[in-house]
Each structure stands twice: as structure tokens, then as C-alpha cells.
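The chain contents come next:
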Amino acid sequence: MKTVVHGYGVEMDWMKVLADSLDGNLENGRIKCHPAVMEGILYGCQINQDLSTFFQDVTYHQDINYQLRNANDDFVGIYFNLTEGDAVQLMDNVQKPVGRWAYNVAVMDSTLPGDYLVKSGSKTYSISIFIRKMVLRQSLQKIPNFEELKEALFDSSQNTLIRFERMSNQAWFLMNELRKTGFSHPLFNTYLTGTVYGLMADYLDQVLHQEIILDRVSQEDIIGIMTSQSALIAAMNGTFPGIEALASSVNMSETKYKQLFKKITGATANAFFLTNKLDTAKEMLDSGKHTIAEIAEAFAFFDASHFIEQFKKTYGFTPKEYLNLL
């Protein structure tokens, strides 16, 4: 396994460090690696003095453990990740799956370290956006009711900027449209810039509908919530364990646990549990090997009617209607 210690930033000087760590070469914003390590496109682009992006469309041929240690604390990273294969975020040996079929958007303050393990055979398609906190703050000021939160939100003594959630349909569409363009297209830079602005606009639109929770989050807190998420996913064939048991398992009060879980994931623990249960149930439907009643029983729904009700509430159509769409 190759270990790569690197950092990001709005300015693109970090790319030479990343290229060297990957034993690659940096040419015109593109990192070219040895085919034995990975094949594809690693490309960085400075969009303006306050915004830059890093585009990846590669297939890994070697296990790589990325250790993110940013040198600058003046930006926020917004990571859209559609990796297919084995890719996990690591914190103190706790693993959080990321990529196309997992929580595939992360918003992280540049002060937070992060380890990311990608296994050989994985295909990564991602867009990372780096925006100065000052500019993001100015953008958020235009959102109604944000005025009273603006000071505390970007004050590291009062709040940590962190979020792990699922990509919106609009973000998914924008990324896939860019993928169709191809890096060799003469206007790729223009399309990439347009995609970044589109993703930022979509993210700000999502903020309109999110509850903003102000709280400082330590590395220990993040590990606790990640551990709890893993436990919930492991238990999704049963019933919801309950907040008291979940909070106790990570040595938090129920109040702190509920607040941090929602701050970090954008959902309550119960909603997270149900969403993962339904997503896995949908995969079983895709296989065509199980009846609706069998799936309802496999995931401890009261009965088939309860499963159908929850499925429709989440996806907008019944399991039968979904199967007709396949």
C-alpha cells in the first residue's frame, strides 16, 4: 500500500507535492502517474483567486492511503465523490464508506485532518471544490435568516464546519454531464468551471432547506458518530436500537449525540437508519431475486404494507412501480 501525505488549498501549489507523493509528474495542471499506480485524469484548475477545483476520473491499480493534512486554514473543502469500489474514510481505524453508493458529499473545514483509503480496482470520479471561507460567508449572507448565524458559523471557537450527506439529483446530473464531455474536449475547462459553479449553486440551495446546527466538533466526536453510523448499518436487518443505547455506546449524552449526529450527517439517527435500510432493500429489488414480502421481512418492517409505505414516502413511488421502471 502506498501512503500519500498531502494537503489542499485554494492556490494550486499543493499539486506539485501531491504529484511527487504519487511518484508522478505535473504537466499543465494534470498529474500523470505510472500506470501501475493508476490510470486516468487527475486535474487541478484555479477558477478565480478565491475558488479552485480538483477533478479525478481514474482507475486505481494500487491501494493508496491518502492522509490529508492541510497547511492553510482559510478555506472549506466540498467533496463530491462517485467512486465505485472500495473507498473509505478513516479516523482512528474507524471506517466510513464513501462513494457513489454511500454518503458521497462531504463539507469539511480545512482545519480538519482526514485519511482516505482507496483499494486497487476502484474507479474514482470526483470533483473537489476549495473555496475561501470569506467568500463562502459572503455567499451565505444572501440566504434569509442567515444574518444572525454568520458570525458564529465561521468562528472556530464556536463552530466546526463539517457535513457528510448524499448528493442531490441535480449535483448527480451535473457531474454526469461533465463526464460525457471528456477531458480531451477543447472546452473541457469551460465545462468544468460551469459544473463547479453549478455544484456550488446547488449546495447553497440545499443550505436553504437545512437546519444549521452550531457546535464545535472534535476528532473524537467525529469518530464517535462514524462508529455509531457503522453500528446502525450493521444492525439494519433489525429494529432501531434507540437513542439511549446509541449515545451510551459512544460515551455521549443523548442530547449531545442527537445534536452531533444531525450536524454531521444532516439527518437524525433514526432517519439515517431507515434510509440505509431502504437503500439496501432497493438493491435487493434490483436483483429481481426477492419478493416484496421477503424484503420486508429481511429488514424487520412490520409487514409488506409498512415497507411499501416507507418506500413510497422516501422515493416517491411504490416498490412495484419502481420495478416497472427498471
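Residues numbered from 1 in each chain as written. Predicted model: local features only at pLDDT ≥ 70, side-chain atom pairs only at ≥ 80, totals over all residues. Heavy atoms only, no water.

A.B. asks: I'd like a rundown of the overall build of the protein chain, residues and numbers included.
C.D. replies: For the protein chain, the helix and strand inventory stands at twelve helices and 13 strands. Its C-alpha atoms give the protein chain a radius of gyration of 20 Å, within 12% of the compact-globule value 20 Å for 326 residues. Overall, the C-alpha framework of the protein chain stretches about 60 × 45 × 40 Å when taken along its three principal axes. Counting all 326 residues of the protein chain, 49% fall into the buried class. (Helix = DSSP H or I, 4+ residues; strand = E, 2+ residues; numbered from the N terminus. Rg over C-alpha atoms; globule rule 2.2 N^0.38 Å. Buried < 20%, exposed > 50% of the residue type's maximum accessible area, 1.4 Å probe, protein only.)

A.B. asks: How would you summarise helix H6 (residues 219-234) if you had to cite specific residues and measurements?
C.D. replies: Relative to the 22 Å expected for 16 residues at 1.5 Å per residue, H6 spans 23 Å between its end C-alpha atoms, a close match to the ideal helical length. Along H6, the residues classified as buried are Asp221, Ile222, Ile223, Gly224, Ile225, Met226, Ser228, Gln229 and Leu232. (Expected span 1.5 Å × (residues − 1).)

A.B. asks: Requested: an account of the pattern of salt bridges, with residues and values cited.
C.D. replies: All chains considered together, the criterion is met by 13 salt bridges. Across the pair Lys16 and Asp20 runs a salt bridge whose closest N-O atoms are separated by 2.9 Å. With Lys16 and Asp20 both in helix H1 (residues 14-21) and four residues apart, the pair spans about one turn of that helix. Asp20 sits in the partly exposed class, given a relative accessible area of 44%. (Salt bridge = Lys/Arg side-chain N within 4 Å of Asp/Glu carboxyl O.)

A.B. asks: A description of the packing of H6 against helix H9 (residues 269-287) should follow, citing residues and the corresponding values.
C.D. replies: Between H6 and H9, the least distance of the axes is 9 Å, while the angle of their chain directions is 45°. If you check the angle between H6 and H9, you find them oblique. The element H6 and its partner H9 pack so that their crossing is right-handed. When H6 is examined against H9, the residues Gln229, Leu232 and Ile233 are found in contact with a partner set consisting of Ala269, Phe272, Phe273 and Asn276. Class assignment for the residues of the contact of H6 with H9 results in five nonpolar, two polar and no charged. (Axes fitted to C-alpha atoms, helices over the stretch in contact; angles between N-to-C directions. Parallel < 35°, antiparallel > 145°, perpendicular 65-115°, else oblique. Left-handed = near helix turned anticlockwise from the far one by under 90°. Contact = heavy atoms within 4.5 Å. Nonpolar A, V, L, I, M, F, W, Y, C, P; charged D, E, K, R; others polar.)

A.B. asks: Pulling in residues and values, what's your account of the packing of aromatic side chains?
C.D. replies: Counted by the stated rule, this structure contains 24 aromatic pairs. On the numbers, 5.2 Å between centres and 90° between planes, the contact of Trp14 with Phe54 is edge-to-face. Note that Trp14 is positioned in helix H1 and Phe54 in strand E5 (residues 51-60), a separation of 40 residues in sequence. Each member of the pair, Trp14 as well as Phe54, carries the same accessibility label: buried. A network of ring pairs unites the aromatic residues Tyr8, Trp14, Phe54, Phe75, Tyr79 and Phe130 as a single cluster. Sitting over the face of the ring of Tyr125, Arg179 holds its NZ or CZ atom 4.2 Å from the ring centroid. The ring of Phe301 has Lys277 sitting right over it, with the charged end atom 5.6 Å from the ring centre. (Phe/Tyr/Trp six-rings, centres within 6.5 Å; stacked < 30°, edge-to-face > 60°. Lys NZ or Arg CZ within 6 Å of the ring centre and 35° of its normal.)

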